[in-house]
Structure formats: C-alpha cells, structure tokens
Amino acid sequence: MIITILLWLVFGAVIGWVAGLIMKSKKSLLWNIIFGIVGSIVGGFIASLLGFGSLGGAFSFNIVSILISIGGACLVIWLATILKIGK
C-alpha cells in the first residue's frame, strides 16, 4: 500500500515535471505532483472515452499511458493557468 502511494507520487512528480517543461510552467514540486496525478487521471479518462484505453488498465506503465498522462497534465496545467490556480 505504501509502496503504491510512493510510486504514484514519483510518477505524478515526473509526469508533472515533464508537463511543466512542455507548458513552460514555473510551479513548485508539490504543484507538479498534484498536476501530474490529476492530469494522469484526466488523460486516462479522456483516452478511455475516445477508445484509446480503458480505466481498468490504469496500473500498466507503457509509452502510451505515459504520453496520455503527460497530455492530461498539460491540459490540467493549462486550465490551472487560466483559472490562476497554484500561483
């Protein structure tokens, strides 16, 4: 259980950091973790709606899931910038 939570935090931090670089965001590590985790969920949800994946495969790590997570995190960072969240 603890290992799973730590892996999600590390994965979220890396995804958020990469998305932050793409979006040229200057958020803190905490915000990158939050945006990365939320972005992974949002990206997975959108991908499942479009037929690119399923919500049941959320624990599989492959290049497609990483790209979907980065796309979702970029979307979340963009929305947060518009709404001025995480200054």
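Scope of this entry: the structure provided in the associated data block. Along every chain, residues carry numbers that run from 1 in the direction the sequence is written. Per-residue local features of the predicted model are confined to residues with pLDDT of at least 70, and side-chain atom pairs are confined, for both listing and counting, to 80 or more; whole-chain, interface and lining totals are unaffected and use all residues. Excluding hydrogens and water, the side-chain figures rest on all heavy atoms present in the structure.

Concerning the packing of helix H2 (residues 29–50) against helix H3 (residues 63–83)
(1) Moving on: To define axes, lines are fitted to C-alpha atoms, for helices over the stretch in contact only, and angles between the resulting N-to-C directions are given on a 0 to 180 degree scale. Helix and strand definitions here come from DSSP, where helices need a minimum of 4 consecutive H or I residues and strands a minimum of 2 consecutive E residues; each element is numbered from the N-terminal end. Closest axis-to-axis distance for the H2/H3 pair is 6 Å, and the angle between their directions is 115°. Between H2 and H3, the angle is such that the two are roughly perpendicular. For the crossing formed where H2 meets H3, the hand is right-handed. From H2, Phe35, Gly36, Val38, Gly39, Ser40, Val42, Gly43, Gly44, Ile46 and Ala47 reach across to H3, where they touch Ile68, Ser69, Gly72, Ala73, Leu75, Val76, Ile77 and Ala80. Here is the rule for angles: anything less than 35 degrees is roughly parallel, anything more than 145 is roughly antiparallel, 65 through 115 is roughly perpendicular, and the remaining ranges are oblique. Two helices cross in a left-handed way if the nearer one is turned anticlockwise from the farther one by less than a right angle. They cross in a right-handed way if the turn is clockwise. In this analysis, two residues are considered to be in contact whenever any of their non-hydrogen atoms come within 4.5 Å of each other.

Description of the side chain of Ser25
(1) Moving on: Following the sequence through the fold, Ser25 ends up in the loop between helix H1 (2–23) and H2.
(2) Moving on: Setting aside its immediate chain neighbours within four residues, Ser25 contacts Gly20 and Ile77.

Some remarks on the packing of aromatic side chains
Each aromatic ring pair is described using two quantities: the centre-to-centre distance and the angle formed by the ring planes.
(1) Moving on: What counts as a ring pair is set by centres within 6.5 Å for rings of Phe, Tyr and Trp (its six-membered ring), and what kind of pair is set by the plane angle: stacked under 30 degrees, edge-to-face over 60, tilted for all other angles. Taken as a whole, this structure holds two aromatic pairs when the rule is applied.
(2) Moving on: Plain terms: the ring middles of Trp8 and Phe11 are 6.2 Å apart, the flat faces sit at 85° to each other, and that makes the pair edge-to-face. A residue pair is termed a helical-turn pair when its members lie 3 or 4 positions apart in one helix, as Trp8 and Phe11 do in helix H1 at three residues.
(3) Moving on: Relative accessibility thresholds used throughout: buried, under 20% of the residue-type maximum; exposed, over 50%; partly exposed, between the two (1.4 Å probe, protein chains only). We classify Trp8 as partly exposed; its relative accessible area is 26%.
(4) Moving on: Here Phe11 falls in the buried class, since its relative accessible area comes to 14%.

Quick notes on the side chain of Ser69
(1) Moving on: Along the chain, Ser69 falls in helix H3.
(2) Moving on: In this view, Ser69 contacts Phe11, Ile15, Gly39 and Ser40; residues no more than four positions away in its chain are not counted.

Quick look at the environment of Ile41
(1) Moving on: Tracing the backbone shows Ile41 in helix H2.
(2) Moving on: Each C-alpha atom, one on Ile41 and one on Ala73, is 8.8 Å from the other, the two residues being 32 residues apart in sequence.

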